[in-house]
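# A structural walkthrough
Single-letter residue listing:
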Amino acid sequence: MNTENHSQTAAFLWSIADLLRGDFKQSQYGRIILPFTLLRRMECVLAPTREAVISESCAQEGRPDLVRERLLLRAAAGQQFFNASKLSLATLSDQQTAADLMSYVQSFSRDAREIFEHFHFEDFVQQLASADLLYQVVQRFAATDLSPERISNFGMGIIFEELIRKFAESSNETAGEHFTPRDIVHLTTSLVITGQDAKLKPNSIVTIYDPTAGTGGFLSEGDEYIQSISEKVTVSLHGQELNPESFAICKADMLIKGQEVGNIKLGNTLSDDQLADSKFDFMLSNPPFGVEWKKVQKQITDEHARKGFDGRFGPGLPRVSDGSLLFLLHLVSKMRDPRDGGSRIGIILNGSPLFTGGAGSGESEIRRYLLQNDLVEAIVALPTDMFYNTGIATYVWLLSNHKPAERKGKVQLIDGTRHFSKMRKSLGSKRQFITDEQIGELVRLYGRFEATPQSKIFPVEAFGYRRITVERPLRLAFQTTPEHIERVLEDKAIQKLDSAARQNLAAALQAMDAGTVQRNREQFARLLKKSLTAHGISLSAVEQRAVLNALGERDPEADICMTKGQPEPDSGLRDYENVPLGESVYAYFECEVKPHVPDAWIDESKRDEQDGEVGIVGFEIPFNRHFYVFQPPRPLEEIDRDLKACTERIKRMIEELSA
C-alpha cells in the first residue's frame, strides 16, 4: 500500500469527525479518532487468533488473573497482547453500546488496556453516548479495514502521524512535537546504522533508544532498517515520551510489533530518566527545537551540581531557553563502553547548538567536551522547509565513541541543503522532502569520507579557539568647569554628604583653575587635594574616587592613569580576540593586535579553568562559513539596463491609465 493510499485512509478516518460537529469542540476530535483507530487496528491484528483466545478464555475461567493472562497470551499465537471478549466493534449492541464497548476494552490484556487509559477513553465514550453518537462512530470504525495484510506497521505509523497532524491543526497544537517526517527519520536512521556490520551479525541482539520517542517513528524505522539489511538479528526497542497520547500510540505500536512494552516509558526524560542504568547500541532522536527547560531547571541544575561527570550533564548546562544540548548530553551518557562495541547517535538539532554561546559558556563547554573527546563524527545540513511546524535550517549530528581509524580526530561536515524535492501539496510548514535516491546520495557522501565541495573534513582542533582579553590603558583629562562641578554634585556618593559639606566641596572646586585642562591624573589629584585641604574638606577614598570620575573625561592625548605602578585598564576600550587553538596567543597578539594598538596588552589573569593557560577556550562549528561561495554582483551596466527597462514599463502603464 503506497503513501497516497495511507493518506486516503487517514482522510477517511478523520472524516468520521464530521459526526462530532456541534457536540464536540474541534480540539477534541483527535482524542476520539485516535483511540478508536488504535482499537480497530488492534482488533484487526488479533482477528486470526480470536477464536483460539476465546476458547482458551472459557477453559481458564476462574484461574488467578496473572496465570490466566499468561495462558491466554500463549493461545494468542505469537502476539504480545490479546482480547478475551466475544464482542467486537461490529457486534456491539445499539441499546447499551457504552457498557458493551467498555467491557470489550477491559477484556484486553493489561498493557493494551492501559493504552486507552492515557486517552481518557471512557470519559469520551460516555460523552459520545450522551450525545447519541457512540453507536454511529463505532459502526464507522467497524467498517474500516485496518488489517496487517492491507496496511503494514510502517503504513499504520504514517496514518497515525497524518491523524495527529490533522488533530494538531484543528486544536492549534504543534504536530512536529509528536513525530518527525518519515523522510528525515529514514535519512537519520540510514546514516547511523549504515556500515555497522560488526554489530549486526547473525543471532546478535541490538538495542535502539529514543529519549523523545513521540509515536515511535524512529524506533520502528530503526527496527525495519536492521531487519532489511541483516539476518537473524533481534532488535530491542526502548524509548521515553512526555505526551500521554503519543506515548499510548508508541506503546500500541510496540505491542503489535511484539516488542517488550515495558521498555517504553512515560515522563520527562530530562528530569526523570526512567531508563537510567541502560546503555544502547543505536540512539535516534529529534528533540523539540528551541524549547526552554525552565520547568525542570531545579532537577537538572541539582544533578549537574551533585553528580558532575558521574551524571548526565557534567560538561555544562546551556541557557534555559534551549534544551537541545541537554538531550544530546543525555544520549552521550547512555553510550556503551567502546570495548563493548561502543554506540552511535543520530540527533536532529537546529542551528543554535553549532555556535550559540561564547568561550566559557555552557554551550561552548558542551561542544568542547564532545569534540575533545572525539565523539562528533559528522554533521549533515538539511534543506529548509522539511518539518511540519517550522521551516528553519536543521542538522543531523552523528556521534560515535567507536570511530574507525580513518575518522579518529576528524569531523566531517556535509552540505545536504540541495538534496530535496518539492512536495505537490504542503503539509503545514513542510514544503520539501528528500527522496530515497537523495538519501542514498547523502549516505554515500558520508560513507566515502572524502573532501569534496559538498563534504569537508576538519581536525577537531579546527573548531577551537582561545578568547584573550585585550586591555588598553585608561587616559583621562580633568577640568573644573561649572558643568563638571554640577556632575560631581549629582553623584550618589557626594549626595550623601550634608548640605554644608557639598557647598564647601563646590567652593573648593570653583577655586581651581577652570580653564586649564589637566592631562595627568596624579598631578590633578595633588592639586585637588591641596584645594580641598584649603577649604577644610576631608573626603573618604570612595568620595575622592567619585569626584575624580565625575571630573575626568577620556582623552587619547592624556597620560596613562597608573595604579600601584601599573597602567589602569579602560573598561570602555576592552576588547576580545579569538586565537585559533594551537596557535601562540602572544605571537597572534604581536602580529594581529599590537601593530594597530601599540599600548594594548593581554590580561593574563583571564585563564582557562581546565588547562590554566592564558585565554578561555571556546568551541564553535561555523558550518555555513565553510560552505559559503562568493557570488560576485552583476555588472553595473546590466543593473542599469534592467532599471531603465523597468522605468519604461512603469511609464507606459501610467500613460495607459491616464489615456
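The structure this text deals with has already been given above.
This is a predicted model, so every value here is computed, not measured.

With that out of the way, let us pick up the overall build of the protein chain. Counting its regular elements, the protein chain contains 25 helices and 19 strands. Taking 659 residues into account, the globule formula puts the C-alpha radius of gyration at 26 Å, and the protein chain, at 35 Å, lies well above it. Viewed in the frame of its principal axes, the protein chain has a C-alpha envelope of about 115 × 80 × 65 Å. Counting over 659 residues, the protein chain shows a buried share of 51%. Put simply, the protein chain shows about 32,000 Å² of open surface, and 49% of that area lies on carbon and sulfur atoms. If you average the places of the 78 positive and of the 93 negative side-chain charges in the protein chain, the two averages end up 1 Å apart.

The next thing to look at is the packing of aromatic side chains. Evaluated as defined, the whole model comprises 13 aromatic pairs. Ring geometry for Tyr209 against Phe280: centres 4.4 Å apart, planes inclined by 10 degrees, an arrangement best described as stacked. Placement of the pair is Tyr209 in strand β1 (residues 205–210) and Phe280 in the loop between β3 (264–266) and β4 (282–285), with a sequence separation of 71 residues. For Tyr209, a relative accessible area of 0% corresponds to the buried category. Since its relative accessible area comes to 1%, Phe280 is described here as buried. Following the ring pairs from residue to residue traces out a cluster consisting of Phe36, Tyr104, Phe108, Phe116, Phe121 and Phe141. Note that Lys334 overlies the ring of Tyr209, its terminal NZ or CZ placed 5.8 Å from the centroid. Over the aromatic face of Tyr576 sits the side chain of Arg467, whose NZ or CZ is 5.0 Å from the ring centroid.

Another aspect to go through is the pattern of salt bridges. Applying the stated criterion across every chain yields a total of 35 salt bridges. A salt bridge links Glu568 to Arg521; its shortest N-O distance comes to 2.8 Å. Separated by 47 residues along the polypeptide, Glu568 in the loop between β16 (566–567) and β17 (575–580) and Arg521 in helix α21 (residues 521–534) bring together distant segments of the chain. With relative accessibility at 23%, the residue Glu568 sits in the partly exposed group. Salt bridges sharing common partners tie together Arg110, Glu114 and Lys251.

Glancing now at the sheet that holds strand β11 (residues 455–459). Strand pairing in a sheet takes place through backbone hydrogen bonds and is either antiparallel or parallel in direction. An order of β3-β2-β1-β4-β5-β7-β6-β8-β11 is seen for the nine strands of this open sheet, with the pairing classed as mixed. The open sheet terminates on both sides in strands that have one partner only, identified here as β3 and β11. Neighbouring strand axes in the sheet, compared pairwise and without regard to direction, differ in orientation by 15 degrees on average. In the sheet, strand β6 (residues 376–381) pairs with strand β7 (residues 394–400) via five bridges, with the strands oriented antiparallel. Along β7, the bridge assignment pairs Ala381 with Tyr395.

The backbone of His120 shows a phi angle near 50 degrees, a positive value even though the residue is not glycine. For His120, the position within the fold is in the loop between α6 (110–118) and α7 (121–130). Phi at Phe449 takes a positive value of approximately 50 degrees, unusual for a residue other than glycine. As for its placement among the helices and strands, Phe449 is situated in the loop between α17 (436–448) and β11.

Let's shift gears to helix α20 (residues 499–510). The end-to-end C-alpha distance of α20, which contains 12 residues, comes to 17 Å, matching closely the 16 Å that a straight helix rising 1.5 Å per residue would cover. Every buried residue of α20 is accounted for by Leu505, Ala506, Ala508 and Leu509. Along the axis of α20, the buried residues cluster in a sector spanning 160 degrees; they form a single face. Residues Gln503 and Gln510 are exposed on α20 and point more than 90 degrees away from its buried face.

A few words now on the nonpolar core. As a rule of thumb, soluble globular proteins bury nonpolar side chains together. Membership of the largest hydrophobic core comes to 96 residues, with the highest contact counts inside it found for Phe36 and Leu101. At 11 residues, helix α2 (residues 29–46) tops the list of elements feeding residues into this core. By size, the runner-up hydrophobic cluster in this structure holds 42 residues, among which are Leu328, Met335, Leu399 and Phe627.

One can find His118 in helix α6. For His118, a relative accessible area of 21% corresponds to the partly exposed category. Expressed as a C-alpha distance, the spacing of His118 and Ser7, which sit 111 residues apart in the sequence, is 25 Å.

Take the side chain of Ser147 next. Within the element layout of this structure, Ser147 appears in the loop between α8 (134–142) and α9 (153–170). Classification of Ser147 as buried rests on a relative accessible area of 11%. In contact with Ser147, other than residues within four places in its own chain, are Arg41 and Cys44.

In this section: the packing of helix α10 (residues 182–193) against helix α11 (residues 217–229). Running from N to C, α10 and α11 point in directions that differ by 50 degrees, and their axes come no closer than 9 Å. Considered as vectors, α10 and α11 are oriented oblique to each other. For the element pair α10 and α11, the recorded crossing hand is right-handed. Contact residues: α10 offers Arg182, Val185, His186, Thr188, Thr189, Ser190 and Ile193, while α11 offers Gly217, Phe218, Glu221, Gly222, Tyr225, Ile226 and Ile229. Its residues assigned to classes, the contact of α10 with α11 comprises six nonpolar, six polar and two charged.

Okay, the pairing of strand β12 (residues 464–471) next. Side-chain positions along a regular strand alternate between the two faces of the sheet. Summarising burial for β12: seven of the eight residues are buried, a large majority. When β12 meets β17, the two strands line up antiparallel, connected through six bridges. Across the sheet, residue Tyr465 finds its bridge partner in β17, namely Pro580. Bridging between β12 and strand β18 (residues 601–602) involves two bridges; their strand directions are antiparallel. Bridge pairing links Val470 to Ile602 in β18.

This part takes up the packing of helix α18 (residues 482–490) against α20. The interhelical angle for the contact between α18 and α20, taken along N-to-C directions, is 155 degrees, at an axis separation of 10 Å. Classified by the angle their axes make, α18 and α20 are roughly antiparallel. For the pair α18 and α20, the crossing hand works out as right-handed. Contacts from Ile485, Val488 and Leu489 of α18 reach α20 at Arg502, Leu505, Ala506, Leu509 and Gln510.

Thresholds, definitions, all that
- Residues numbered from 1 in each chain as written.
- Predicted model: local features only at pLDDT ≥ 70, side-chain atom pairs only at ≥ 80, totals over all residues.
- Heavy atoms only, no water.
- Helix = DSSP H or I, 4+ residues; strand = E, 2+ residues; numbered from the N terminus.
- Rg over C-alpha atoms; globule rule 2.2 N^0.38 Å.
- Buried < 20%, exposed > 50% of the residue type's maximum accessible area, 1.4 Å probe, protein only.
- Areas by Shrake-Rupley, 256 points an atom, 1.4 Å probe, with all protein chains shown as cover.
- Lys, Arg positive; Asp, Glu negative; His and termini not counted.
- Charge placed at Lys NZ, Arg CZ, Asp CG, Glu CD.
- Phe/Tyr/Trp six-rings, centres within 6.5 Å; stacked < 30°, edge-to-face > 60°.
- Lys NZ or Arg CZ within 6 Å of the ring centre and 35° of its normal.
- Salt bridge = Lys/Arg side-chain N within 4 Å of Asp/Glu carboxyl O.
- Pairing = 2+ DSSP bridges.
- Axes fitted to C-alpha atoms, helices over the stretch in contact; angles between N-to-C directions.
- Expected span 1.5 Å × (residues − 1).
- Arc of directions from axis to C-beta.
- Core = buried A, V, L, I, M, F, W, Y, C linked by side-chain atoms within 4.5 Å.
- Contact = heavy atoms within 4.5 Å.
- Parallel < 35°, antiparallel > 145°, perpendicular 65-115°, else oblique.
- Left-handed = near helix turned anticlockwise from the far one by under 90°.
- Nonpolar A, V, L, I, M, F, W, Y, C, P; charged D, E, K, R; others polar.

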